[in-house]
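The primary structure of each chain is shown beneath.
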Amino acid sequence: MNFSLLKVYTLFSLALVASHAVNPDVYWKSVLPNSPMPKAIKELVQTTEWSEEKNTAVGVGEDGVAVHTGKPGKHTDVGIGYGPNPFIYNYAASEDQLKDNPNVAFFFLENDLHQGTEMKLHFIKDDQKVTFLPRQVAESISFSSNKLPQIYNEFSIKSDSMEAQYMKQTLRECENKGIQGEEKCCATSLESMVDFSTTTLGKNVKAISTEVNAKESTPLQKYTIEGAKKLAADKAVVCHKQKYAYAVFYCHKTVSTRAYSVSLVGADGTKAKAVTVCHTDTSKWNPKHLSFQVLNVKPGSVPVCHFLPEDHVVWVPY
């Protein structure tokens, strides 16, 4: 389902009267002049100047990379609809997350990450894009589960709607503690995402996202790994796009993480560069986390990997 477009001109105007907001694109270039902005972020950045006269509509849609397989125990498809976020590792899987679902997260073992491995994938394009709000605007809007009634009212969301449930879940995930050793942040603006990533990794960083050479969602089909290039060893910041009324990312830095760029080619010739994250130490994860159930492995026993949807971002040092 999709969030309806939400008109928030009044909120933006109040925030911008007090302070003209810096265009997020300008902020990126000032902090990361040598790091190109990945496609996933470009699509969420307002390219026009913000002013108190500007009328702006924002909305949220569902996104993801769908995966199906015929190899039980090796590659398994898992749902990421409403329920615990599979990219947050202190949650147990809900009962319906193992069901076949067009929006899925894909977990596999690191030893499958080599040339010639075949996987059935379905890359889904998000038709309804939201945008980042400038930091001054985002910080002027309540972002707390304690303020849910106020937030619903500001965005004209009915409290018993699915939109409200998604927003409530996002706030809960942002406010809960991460696993031991994890640094986390929910970035409500591009500026806050950049600041968190550069604070934890240093300013010599680059952001990378999955890119599929197709304008529309690709059909479910077999993809073959042509190669895998390691992007970082042991440290990276991964930012997962959340379901909310404007662009919000759950960003976390975990130890013992390896990031890869994986070249894929589909049966119909579609090319993809898929960002993959492998977690080499899962001993602190919830023992009932989705990945352990679908791969039939125990916490801390083997590295667990997953592809990232096109609108998620990995930050790595260089």
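What counts as what
Note on numbering: residues in each chain are counted from 1, in written sequence order. The predicted origin of the model limits local features to residues at a pLDDT of at least 70 and limits the giving and counting of side-chain atom pairs to 80 or more, whereas totals for whole chains, interfaces and linings rest on all residues. Only hydrogens and water are removed before side-chain values are computed, so all heavy atoms of the structure are retained for them. A pair of sulfur atoms, both from cysteines and within 2.5 Å, is called a disulfide here. The way it works is that DSSP assigns letters per residue, a run of H or I at least four long becomes a helix, a run of E at least two long becomes a strand, and they are numbered from the N terminus. Each residue's exposure class comes from its accessible area (1.4 Å probe, protein chains only) as a fraction of the maximum for that residue type: buried when under 20%, exposed when over 50%, partly exposed otherwise. In this description, a nonpolar core means a group of buried Ala, Val, Leu, Ile, Met, Phe, Trp, Tyr and Cys residues linked to one another through side-chain atoms lying within 4.5 Å. By definition, residues are in contact when any of their heavy atoms lie within 4.5 Å. Simply put, an axis is a line fit to the C-alpha atoms, just over the touching stretch for a helix, and the angle between two N-to-C directions goes from 0 to 180 degrees. Angles below 35 degrees are treated as roughly parallel, those above 145 as roughly antiparallel, those between 65 and 115 as roughly perpendicular, and all remaining angles as oblique. Note on convention: the crossing is left-handed when the near helix lies turned anticlockwise from the far helix by less than a right angle, right-handed when the turn is clockwise. Basically, the charged four are Asp, Glu, Lys and Arg, the nonpolar ten are Ala, Val, Leu, Ile, Met, Phe, Trp, Tyr, Cys and Pro, and anything else, Gly included, counts as polar. When two rings of Phe, Tyr or Trp (its six-membered ring) have centres within 6.5 Å they constitute a pair, described as stacked for plane angles under 30 degrees, edge-to-face for angles over 60, and tilted for the intermediate range. Note on definitions: salt bridges are taken to be side-chain nitrogens of Lys or Arg within 4 Å of carboxyl oxygens of Asp or Glu.

(A) Highlighting the state of the cysteines. Under the counting rule described, the total for this entry stands at 3 disulfides. Across the disulfide from Cys-174 sits Cys-186; the S-S distance is 1.9 Å. Here Cys-174 and Cys-186 share a disulfide; its torsion about the S-S bond, -85 degrees, makes the bridge left-handed. Highlighted residues: Cys-174 in helix 6 (residues 162-175) and Cys-186 in strand 7 (residues 183-187), separated in sequence by 12 residues. Each member of the pair, Cys-174 as well as Cys-186, carries the same accessibility label: buried.

(B) Local environment of the nonpolar core. Counting residues in each nonpolar core, the largest one holds 26 residues, and the members touching the most others are Trp-28, Ile-41, Phe-132, Met-193, Phe-249 and Trp-315. Going through the elements one at a time, helix 2 (24-31), helix 3 (39-42), helix 7 (190-201), strand 8 (205-208), strand 10 (221-241), strand 11 (249-266) and strand 14 (313-317) are the ones with two or more residues in this core. At 5 residues, the largest contribution of residues to this core is made by helix 7. Discounting chain neighbours no more than four positions away, the residues touching Met-193 are Ile-41, Phe-132, Ala-187, Cys-239, Phe-249, Cys-251 and Trp-315. Core analysis: the second largest hydrophobic core is formed by 17 residues, Val-212, Leu-264, Ala-274 and Phe-307 among them.

(C) Region of interest: the packing of helix 2 against helix 7. Closest axis-to-axis distance for the helix 2/helix 7 pair is 9 Å, and the angle between their directions is 20 degrees. With respect to helix 7, the axis of helix 2 lies roughly parallel. Here the hand of the crossing between helix 2 and helix 7 comes out right-handed. Between helix 2 and helix 7, the contacting residues are Pro-24, Tyr-27, Trp-28 and Val-31 on the first element and Leu-190, Glu-191, Val-194, Asp-195 and Thr-198 on the second. Considering only residue class, the contact of helix 2 with helix 7 consists of 6 nonpolar, 1 polar and 2 charged.

(D) Geometry of the packing of aromatic side chains. Counted under the stated rule, the structure contains 7 aromatic pairs. Judged by centre distance (5.4 Å) and plane angle (90 degrees), the ring pair of Phe-123 and Tyr-223 falls under edge-to-face. Residue Phe-123 is located in strand 6 (residues 118-124), and its partner Tyr-223 is located in strand 10; the two are separated by 100 residues in the primary sequence. For the residue pair Phe-123 and Tyr-223, the accessibility class agrees, reading buried in each case.

(E) View of the side chain of Ser-189. With respect to the secondary-structure elements, Ser-189 resides in the loop between strand 7 and helix 7. Those residues in contact with Ser-189, other than ones at most four positions away along the chain, are Phe-132, Leu-133, Pro-134, Arg-135 and Ala-138.

(F) Region of interest: the pattern of salt bridges. What the rule picks out here adds up to 7 salt bridges. Note that Asp-25 is salt-bridged to Lys-29, the shortest N-O span being 3.3 Å. Residue Asp-25 and its partner Lys-29 are both found in helix 2; the two are separated by 4 residues, about one turn of the helix. Given the relative accessible area of 24%, Asp-25 is considered partly exposed. Judged by its relative accessible area of 52%, Lys-29 falls in the exposed class. The partner of Lys-241 in a salt bridge is Asp-311, with the nearest N and O atoms 3.6 Å apart. On the criterion of sequence distance, the pair formed by Lys-241 in strand 10 and Asp-311 in the loop between strand 13 (304-307) and strand 14 is long-range, its members being 70 residues apart.

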